[in-house]
Amino acid sequence: SPDGKEIVCSMTKIVDPGTRSVVPSQLWVINLQTGARRLISEGDAAQPQWSPNGHRIAYWGLHKGGQRDIWTISSDGGQSVLITDDGHFNWNPIWSPDGKYLYFVSDRSGSMNLWRVPIDERSGKVLGQPEPVTTPSPYSQHMSFSRDGRQIAYVQVATRLNIKRVSFDSESERLLGEVSWITQGDRHTGSPDISPDEIGRASC
């Protein structure tokens, strides 16, 4: 909490948002002096972040059969306010130091990058549409603001998943010849399926 008297935590650890160890994950606030705990949210909640003036806590969670969206809730508990509600992968909410924006990570532009929405910190009311804060990274996550709000530190993830081909003898169960590339580049490609005439190849 901004006054340093309490800490908010969820019951799950987030490294890769595609994998979750605990679902649903409750949200708890712990008094650092007494150790007393109070339950904030019984719904699914991950990566909680306290707002700069202590009014609200932002988090993301799963709902609607796996949709990943962002909410805020009063630091005293109560009804959550939905910030995003769409089919995109929305997670990792962070308040701007002045409390006027809620930043988050989303794949709504095609790559996992930074976005923000203007927000009323006290009520949680969204005051506008999501705006891109695009980094040069193909996959951004785990951001943090400097205290003056002028700098953002973030993690850049750079991975490649491409498809190769090689001839195969099904009787001897051996590979034949040289391996060659089918796709190359920074986009993730997987689940290949060769057409019956071996001319076309589908992938995703």
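Residues numbered from 1 in each chain as written. Predicted model: local features only at pLDDT ≥ 70, side-chain atom pairs only at ≥ 80, totals over all residues. Heavy atoms only, no water.

Chemist: Sorry if this is basic, but what is going on with the sheet that holds strand β11 (residues 131-133) here?
Modeler: Neighbouring strands of a sheet are bound in pairs by backbone hydrogen bonds; such pairs are parallel or else antiparallel. Strand order across the open sheet formed by four strands is β8-β9-β10-β11, with antiparallel pairing between neighbours. Lying at the two open borders of the sheet, with one neighbouring strand each, are β8 (90-95) and β11. Taking the axes of each pair of neighbouring strands and ignoring which way they run, one obtains an average angle of 35° across the sheet. Here β8 runs beside strand β9 (residues 101-106); their pairing, made up of four bridges, is antiparallel. Paired with W95 across the two strands is L102, which belongs to β9. (Pairing = 2+ DSSP bridges. Helix = DSSP H or I, 4+ residues; strand = E, 2+ residues; numbered from the N terminus. Axes fitted to C-alpha atoms, helices over the stretch in contact; angles between N-to-C directions.)

Chemist: Sorry, what's going on with a nonpolar patch on the surface here?
Modeler: Nonpolar side chains collect at one region of the surface, where V166, F168, L175 and V179 lie side by side and expose about 370 Å² of accessible area between them. Contributions of two or more residues to the nonpolar patch are made by β14 (164-169) and β15 (174-181). Locating L175 in the fold gives a position in strand β15. Among the residues examined, L175 registers a relative accessible area of 58% and is labelled exposed. (Patch = residues over 30% accessible without salt bridge, like charges linked within 9 Å, V, L, I, M, F, W, Y side chains within 5 Å. Areas by Shrake-Rupley, 256 points an atom, 1.4 Å probe, with all protein chains shown as cover. Salt bridge = Lys/Arg side-chain N within 4 Å of Asp/Glu carboxyl O. Buried < 20%, exposed > 50% of the residue type's maximum accessible area, 1.4 Å probe, protein only.)

Chemist: Which parts of the structure should I look at to understand the sheet that holds strand β2 (residues 27-31)?
Modeler: The three strands lie next to each other as β1-β2-β3, forming an open sheet whose pairing is antiparallel. Looking at strand neighbours, the two that pair on one side only are β1 (6-10) and β3 (37-41), the edges of this open sheet. Adjacent strand axes in the sheet meet at a mean angle of 25°, parallel and antiparallel pairs treated alike. In terms of strand pairing, β2 meets β3 through four bridges, oriented antiparallel. The residue of β3 that forms the bridge with W28 is L39.

Bear in mind that shape data such as this cannot, by itself, settle questions of function.
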